[in-house]
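# An overview of the molecular structure
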Amino acid sequence: MAGVPLLFSLVFFAVFGGYLFLGIHIIHSNPRAGPNRLFLALCISLCIWSLGFSMANSAASMEICLFWRRFSALGWTSAYSIFLHFFLALSNKTPLRRFTCGLMYSPAVISMYIFAVSPSSARAQYNFVQMANGWVNVATHTGWDIFFYTYYAGYILLCLAVLWHWRRKTEAQNVHKQAQLISRGILIALVLGTFTDIILSSHLKNPLPQMAPLITLIPIITIYYSTRRYGLMREVSEPSEELILSDAARVKLYHYLGLAFIAGGLLNISSVFWYPMFPDNAGLAASQFSGGMFLLSGLVIIISRVIKLANARKFLIILTVASSIPLVTLKSAEYGDASVWPFPMLLMMLSLVFDSRIPLISVTAAAVATQIAAWIYASSRAALTNPFTYILRIGGFVIAYFIGAAVNDIYINRLKENLERSASQGIILDISFDFVSLNRANMDSKMDSMLEKVGTFLKADRVYVYSCNPMGQSMHCTHLWRDHTALPKKKTEVGVERSPAAFSWWMSLLRSGQPVVVQDVSLLPAEAGPEKALLESFKVKSAVAVPIEGQGEMLGFGAETPNHTYLGFKLSKTLP
């Protein structure tokens, strides 16, 4: 029956992990809101409660059991006060006064001192008996026990009263559903907790361990369900101008990365319950150290959200992730555990979603350096070391890097194309709607607005429109937009009349329906001498022109002169 106490300990440890994840998830959704912070504090108190029970239930001695039960009391004595404070903050936007808060938390402070802080008093409150299911506290119903029963039952009833009042004072159907759902969860937990932890523990010959940490999951899950179903405690995010990997998307990605590290840490730390499976303490020590490093890294990544500067947050996360590789791998190699060496591969895969190679390079460099250090360390300790193993690992990381870099390039190019296509479609729609109300009176202003939008989007120095007379004997600039930060104001083309015959190369392309794409003015052919001279007089590096047609005839052309060299294929995809 030795496995039964261990099984209950694992259940409590799983509950501890559940509270931790739920608290992090809710604070991530809106870290500045008071109810979200109180919910995190509530989950922390429940984590302490569950972890203490997990360690105490299968403890090797009564003294160890007493230590962990006193530790758990820090959580279960404070949980009910935080519960009430949370529901008050959820239903009432006005913060409580300090005196009111102090009065509300006074039963928790008294109970915490009696059941956890004071050594002599705490020892007198527990009556531990080791049974088939683990260490069980057989309640003797002392005066302090009665005090705590009154405190916890009274505060639960107050929570129900607050939820009832919250439901009654508002007409919103979502609030009605949330209050009703959470109230039912609390009532179920109250009945089950009272039955298992007070009634059964006093009357059964072989009672179960106190199951309150597990039962309290019921109202916590109902609150979490309300956040997912009805938007409770969720922050309304503003729409982002970016399509992929906006700042909000990056923060969410960091959040899930931190949760993944925490999950890995908890899995490794849980190996303490499986110590009979380890032939010695070496593997157990390596697993515990790895779990601690994973857990610490995950918490650092989660906490990094408080950093407002995006670059500083990104640097801290990359540093944390890269540092976790040598810390975990080298410690495991010290105890002969080689199972964690593929860990960097997972991080390299994750790095591919970023629009920068810095995360991929950092993870790869850390992985290669770690394998070199492990190789040197193994060679100094063992007479027979197979260097080919480390060569294969290093080669695998390098190959994975080049494959990942190629995938990352494809991803970045696709991202840029999507952004450019979306932006160009938006400009086309704006111009189309703008020209619906076009008339003679507002034609010039509409044209100027269109040129400004096109020039800003293309980051051009100038955008202009030339009109050709019906006979094709002359052309002149009718509208011009310029970026005055890039070009001087003294040169202008508006109203200047020119002869199309002087620009035969340019005009022949436009009349054939082809756009003129000049990637580099200095590379224009000899037959484009007049065009080259004119563009160089305006210090143009590259240019593009598109024919404007009507009823099958060219009426003029629109052109832009960017202040940097464009590639022709990009221009053809950018311009409609």
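Preceding this section is the structure that the text describes.
Residues numbered from 1 in each chain as written. Predicted model: local features only at pLDDT ≥ 70, side-chain atom pairs only at ≥ 80, totals over all residues. Heavy atoms only, no water.

A few words on the overall build of the protein. A count of helices and strands for the protein gives 20 helices and 8 strands. Expressed as a percentage of the 576 residues in the protein, the buried residues total 44%. Long-range pairs, those at least 24 residues apart, make up 66% of the contacts in the protein between residues at least 6 apart in sequence. Surface summary for the protein: the accessible area is close to 30200 Å², and the carbon and sulfur share equals 65%. (Helix = DSSP H or I, 4+ residues; strand = E, 2+ residues; numbered from the N terminus. Buried < 20%, exposed > 50% of the residue type's maximum accessible area, 1.4 Å probe, protein only. Contact = heavy atoms within 4.5 Å. Areas by Shrake-Rupley, 256 points an atom, 1.4 Å probe, with all protein chains shown as cover.)

Let us now look at the side chain of Asn-36. When you line up the elements, Asn-36 lands in helix α2 (residues 34-57). Apart from the residues within four sequence positions on either side, Asn-36 is in contact with Ile-26, Ile-27, Ser-29, Asn-30 and Met-233.

This part is about empty space enclosed by the protein. According to the stated counting rule, one finds 4 cavities of 30 Å³ or more in the structure shown. The volume enclosed by the largest cavity comes to roughly 510 Å³. As for the largest cavity, its lining consists of 29 residues, of which Trp-49, Tyr-80, Phe-148, Asp-197 and Ala-212 are closest to the centre. For the lining of the largest cavity, the secondary-structure elements that each account for two or more residues are α2, α3 (62-76), α4 (79-91), α7 (143-169), α8 (173-203) and α9 (212-215). Counting residues per element, the lining of the largest cavity draws most heavily on α8, which supplies 8 residues. Residues of the lining of the largest cavity, tallied by class, amount to 19 nonpolar, 7 polar and 3 charged. (1 Å grid on protein atoms, 1.4 Å probe; cavity = no way out; pocket = protein on both sides within 12 Å on 5 of 7 lines; lining within 4 Å. Points joined across faces, edges and corners; volume = space filled by probe spheres on them. Nonpolar A, V, L, I, M, F, W, Y, C, P; charged D, E, K, R; others polar.)

Applying the stated criterion across every chain, the model contains 22 aromatic pairs. Between Tyr-126 and Phe-128, the aromatic rings sit 5.2 Å apart at their centres with planes inclined by 10°, giving stacked as the arrangement. You can call Tyr-126 buried: its relative accessible area is 11%. The exposure class of Phe-128 is buried, given its relative accessible area of 9%. (Phe/Tyr/Trp six-rings, centres within 6.5 Å; stacked < 30°, edge-to-face > 60°.)

Another point: the pattern of salt bridges. Where charged atoms from two side chains of opposite charge come close, those side chains can pair. A complete count under the given rule lists 1 salt bridge for this structure. Here Arg-123 and Glu-63 are joined by a salt bridge, their closest N and O atoms 3.1 Å apart. Taken together, the positions of Arg-123 in helix α6 (residues 119-125) and Glu-63 in helix α3 put the pair 60 residues apart, joining distant regions of the chain. (Salt bridge = Lys/Arg side-chain N within 4 Å of Asp/Glu carboxyl O.)

Here Ser-226 is to be found in helix α10 (residues 217-230). Along the backbone, Ser-226 and Val-175 are 51 residues apart, and their C-alpha atoms lie at a distance of 9.6 Å. Sequence-distant contacts of Ser-226, that is, excluding residues within four places in its chain, are made with Gln-178, Leu-181, Ile-182, Gly-231 and Leu-232. Reaching out from Ser-226, the side chain makes a polar contact with the backbone oxygen of Thr-222 at a distance of 3.0 Å. (Polar contact = N/O pair within 3.5 Å; in protein donor to acceptor, adjacent residues only side chain to side chain.)

Residues spaced three or four apart along an α-helix face the same direction, because each turn holds 3.6 residues. Regarding helix α14 (residues 343-351), the residues found buried are Phe-343, Pro-344, Leu-347, Met-348 and Ser-351. In a view along the axis of α14, the buried residues occupy a sector of 135°, so they form one face of it. Of the exposed residues in α14, the ones pointing more than 90 degrees away from its buried face are Leu-346 and Met-349. (Arc of directions from axis to C-beta.)

A few words on the side chain of Ser-72. Inspection of the secondary structure puts Ser-72 in helix α3. Judged by its relative accessible area of 0%, Ser-72 is buried. If near-sequence neighbours (up to four positions away) are discounted, Ser-72 is found in contact with Ile-48, Trp-49, Gly-52 and Phe-53.

Another aspect to go through is the environment of Met-104. Relative to the assigned elements, Met-104 resides in helix α5 (residues 98-117). By relative accessible area, Met-104 is classed as buried at 7%. Each C-alpha atom, one on Met-104 and one on Tyr-155, is 9.4 Å from the other, the two residues being 51 residues apart in sequence. If we skip the residues at most four places from it in the chain, Met-104 touches Ser-81, Leu-84, His-85, Leu-88, Leu-96 and Tyr-155.

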